[in-house]
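# Topology and contacts: notes
The chain contents come next:
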Amino acid sequence: MVISITQEDFDVNAMIQSRKAPEVGGLVSFVGIVRDDGITKIELEAFEEAALEELNLIKDEAFEKYPLMSVDIIHRIGMLNVGDNLLLILVAAGHRKEAFDGCEYILERIKETVQIWKKEFTEDGERWVPGEHH
Amino acid sequence: MVISITQEDFDVNAMIQSRKAPEVGGLVSFVGIVRDDGITKIELEAFEEAALEELNLIKDEAFEKYPLMSVDIIHRIGMLNVGDNLLLILVAAGHRKEAFDGCEYILERIKETVQIWKKEFTEDGERWVPGEHH
Amino acid sequence: MIITIKAFARFREILGSETAEEVPEGITLAGLLEQIADRNPKIKTALYEDDSTLRRYVILMQNKKRVNKEDVQTIVLSEGDEIAIYPPVAGG
Amino acid sequence: MIITIKAFARFREILGSETAEEVPEGITLAGLLEQIADRNPKIKTALYEDDSTLRRYVILMQNKKRVNKEDVQTIVLSEGDEIAIYPPVAGG
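Residues numbered from 1 in each chain as written. Chains lettered and ligands numbered in written order. Predicted model: local features only at pLDDT ≥ 70, side-chain atom pairs only at ≥ 80, totals over all residues. Heavy atoms only, no water.

Chain C is annotated in an unreviewed UniProt entry as MoaD/ThiS family protein from Methanocalculus taiwanensis.

An unreviewed UniProt entry lists chain A under the name Molybdenum cofactor biosynthesis protein MoaE, from Methanocalculus taiwanensis.

### Thoughts on the overall build of chain A
Tallying secondary structure elements over chain A gives three helices and eight strands in all. Its helices and strands in sequence order give chain A the pattern β-α-β-β-α-β-β-β-α-β-β, from N to C terminus. For chain A, whose C-alpha radius of gyration is 15 Å, the value lies close to the compact-globule estimate of 14 Å for 134 residues. For chain A, long-range pairs separated by at least 24 residues make up 77% of all intrachain contacts whose partners lie at least 6 apart in sequence. For chain A, the exposed area adds up to about 5,300 Å²; of that, 45% sits on carbon and sulfur atoms. Charge centroids of chain A, computed over 14 positive and 27 negative side chains, lie 4 Å from each other. (Helix = DSSP H or I, 4+ residues; strand = E, 2+ residues; numbered from the N terminus. Rg over C-alpha atoms; globule rule 2.2 N^0.38 Å. Contact = heavy atoms within 4.5 Å. Areas by Shrake-Rupley, 256 points an atom, 1.4 Å probe, with all protein chains shown as cover. Lys, Arg positive; Asp, Glu negative; His and termini not counted. Charge placed at Lys NZ, Arg CZ, Asp CG, Glu CD.)

### Some details on the packing of helix 2 (residues 48-65) of chain B against helix 3 (residues 96-113) of chain B
All names here are of chain B. At a minimum axis distance of 10 Å, the contact between helix 2 and helix 3 shows a crossing angle of 145°. In this structure, helix 2 meets helix 3 at a crossing whose hand is right-handed. Note on element contacts: helix 3 touches helix 2 through Tyr105, Ile106, Arg109, Ile110 and Thr113, opposite Glu54, Leu55, Leu57, Ile58, Glu61, Ala62 and Lys65. Across the contact of helix 2 with helix 3, the residue classes break down as seven nonpolar, one polar and four charged. (Axes fitted to C-alpha atoms, helices over the stretch in contact; angles between N-to-C directions. Left-handed = near helix turned anticlockwise from the far one by under 90°. Nonpolar A, V, L, I, M, F, W, Y, C, P; charged D, E, K, R; others polar.)

### A short note on the arrangement of the chains
Highest in contacts among the three pairs of chains that touch are chains A and B. Nowhere do chain A and chain C come into contact; their C-alpha atoms are at least 10 Å apart. At no point do chain C and chain D touch; the closest pair of C-alpha atoms across them sits 29 Å apart.

### Here we look at the pattern of salt bridges
For the structure shown, the criterion picks out 36 salt bridges over all chains. Notably, a salt bridge pairs aspartate 72 of chain B with arginine 19 of chain B, separated by 2.7 Å at the nearest N-O pair. Placement of the pair is aspartate 72 of chain B in strand 4 (residues 68-76) and arginine 19 of chain B in helix 1 (residues 12-19), with a sequence separation of 53 residues. Counted as one network, the salt bridges with shared partners bring together Glu49 of chain A together with Lys6, Lys64 and Glu82 of chain D. (Salt bridge = Lys/Arg side-chain N within 4 Å of Asp/Glu carboxyl O.)

### Here we look at the side chain of glutamate 120 of chain A
Residues and elements named next belong to chain A. By the secondary structure assignment, glutamate 120 is in strand 7 (residues 116-122). Accessibility expressed as a relative area gives 11% for glutamate 120, which makes it buried. Residues within four places of glutamate 120 in sequence aside, it is in contact with Asp37, Ile39, Lys41, Ile42, Gly125, Glu126, Arg127 and Val129. (Buried < 20%, exposed > 50% of the residue type's maximum accessible area, 1.4 Å probe, protein only.)

### Quick word on the interface of chain B and chain A
Facing the 36 residues of chain B at the interface are 36 residues of chain A. Taking both sides of the interface into account, the surface hidden between chain B and chain A amounts to around 2,900 Å²; carbon and sulfur atoms contribute 51%. Of all residues in chain B, the largest losses of buried area upon contact with chain A belong to Arg35, Arg96 and Phe100 of chain B, amounting jointly to 24% of the total for that side. Where chain B meets chain A, there are four salt bridges. Across the pair glutamate 108 of chain B and arginine 96 of chain A runs a salt bridge, and its minimum N-O distance is 2.8 Å. For the interface between chain B and chain A, the tally reads 24 residue pairs in polar contact (both at pLDDT 80 or more). Going through the elements one at a time, helix 1, strand 2 (26-33) and helix 3 of chain B are the ones with two or more residues in the side of chain B that touches chain A. (Buried area = accessible area lost by both parts, 1.4 Å probe. Polar contact = N/O pair within 3.5 Å; in protein donor to acceptor, adjacent residues only side chain to side chain.)

### Side note on the packing of helix 3 (residues 96-113) of chain A against helix 3 of chain B
Any two packed helices are characterised by how steeply their axes cross, that is the angle between the axes, and by the distance between the axes. Two elements in contact, helix 3 of chain A and helix 3 of chain B, have axes separated by 11 Å at closest approach and are oriented at 180°. Between helix 3 of chain A and helix 3 of chain B, the angle is such that the two are roughly antiparallel. From helix 3 of chain A, Arg96, Lys97, Phe100, Asp101, Cys103, Glu104, Leu107, Glu108 and Lys111 of chain A reach across to helix 3 of chain B, where they touch Arg96, Lys97, Phe100, Asp101, Cys103, Glu104, Leu107, Glu108 and Lys111 of chain B. Per-class residue counts for the contact of helix 3 of chain A with helix 3 of chain B are six nonpolar, no polar and twelve charged. (Parallel < 35°, antiparallel > 145°, perpendicular 65-115°, else oblique.)

### Some details on the interface of chain C and chain B
Taken together, the contact between chain C and chain B spans 21 residues of the former and 27 residues of the latter. On the surface where chain C and chain B come into contact, there are three salt bridges. Between arginine 12 of chain C and glutamate 45 of chain B there is a salt bridge, and its shortest N-O distance comes to 2.6 Å. Breaking the side of chain C that touches chain B down by element, the ones donating at least two residues are strand 1 (2-7), helix 1 (10-15) and strand 5 (82-86) of chain C. Here the residues of the side of chain C that touches chain B are counted per class, giving eleven nonpolar, two polar and eight charged.

Pasting the structure below:
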């Protein structure tokens, strides 16, 4: 299982292929994309050691809450353009329901507590994206 | 958007890449896999004309219920082995919540009404997988 | 007149995937099912309960529109109609 | 003694990403924050409301453990402690 904060892009096919196992019946992925909210590019910054610890904690929580077979989380940082991949969450499970629930849970938790920030660049300047949680 | 019942395998990366658009913020995919429930292989049969009509209806329903940007559904038929890809549902949306909800809705509806059947082959013989809905 | 019967999954194994059935004018859907069941005890057992009611898990379509079970007795078939017979679906 | 301060996002832009701060023995976390705020009005404005309470959106970690705001006055720092300062996260 991969838990990573990286400048590199990811390969969803390869990741899905490597997570197949006899008891896996369904894989749910979330791919977050840099959306065009009138921006030219976006820069992501992480408190890497803390964020990795937090992602591992979230993975452990997901395994406790749902009967999952594997969890992968790759969060990109650095300068990204509109349409670039930003985040991959891939959850494999025996059945569909827990794969969906596990993937959605992980995404909500990432948005709550993982130490990553986004600065948007527009033609007029730049702004930090406000966090949703405190 | 692709709605298809086919013997061919699919490429999740390529599909995700082709669904990116400025307003797309998240893509949720479900990949169904042939699970090893003590089987050697599985054969899928479809009433193709009816199933395609039904898949298109489900796609339309999903667009009515959720603010989605794109929906792709590829259901494989024919003889498949444990670990083979069986189904791809890919939903793109502006935000995460509707992408998850749309994808899960489509999967539930497929299991309810789309005219596809599975026969499992084990070392001892074969059996039709009982349907969940009537 | 000729009615096309399409069958799927376990019904395909008994009925064949597609057959042309010669039926009298004015036959109902229930009449068609009885006609094919009368020819073969395996079909009869697949379609009917012991008390001759249609089994709960038999699903029917007429020209790709799903038929309500209550309407089986009253639907009158027309030349060229396509009747599909299948068990509950199990895709996904 | 020396305390390491790490700052992120808008706080990094004001404080720098990592600085070594010389502080007196026995200083509290609140004392450290006041010391750096006293040096620079921009830092003061970023950290404190007008009534000198810590802003709600300031998040603090001591050695990668999140600090409760109520404990800021009572936490006594030790040589080599790492204090992280950041705003609400916005990943995902």
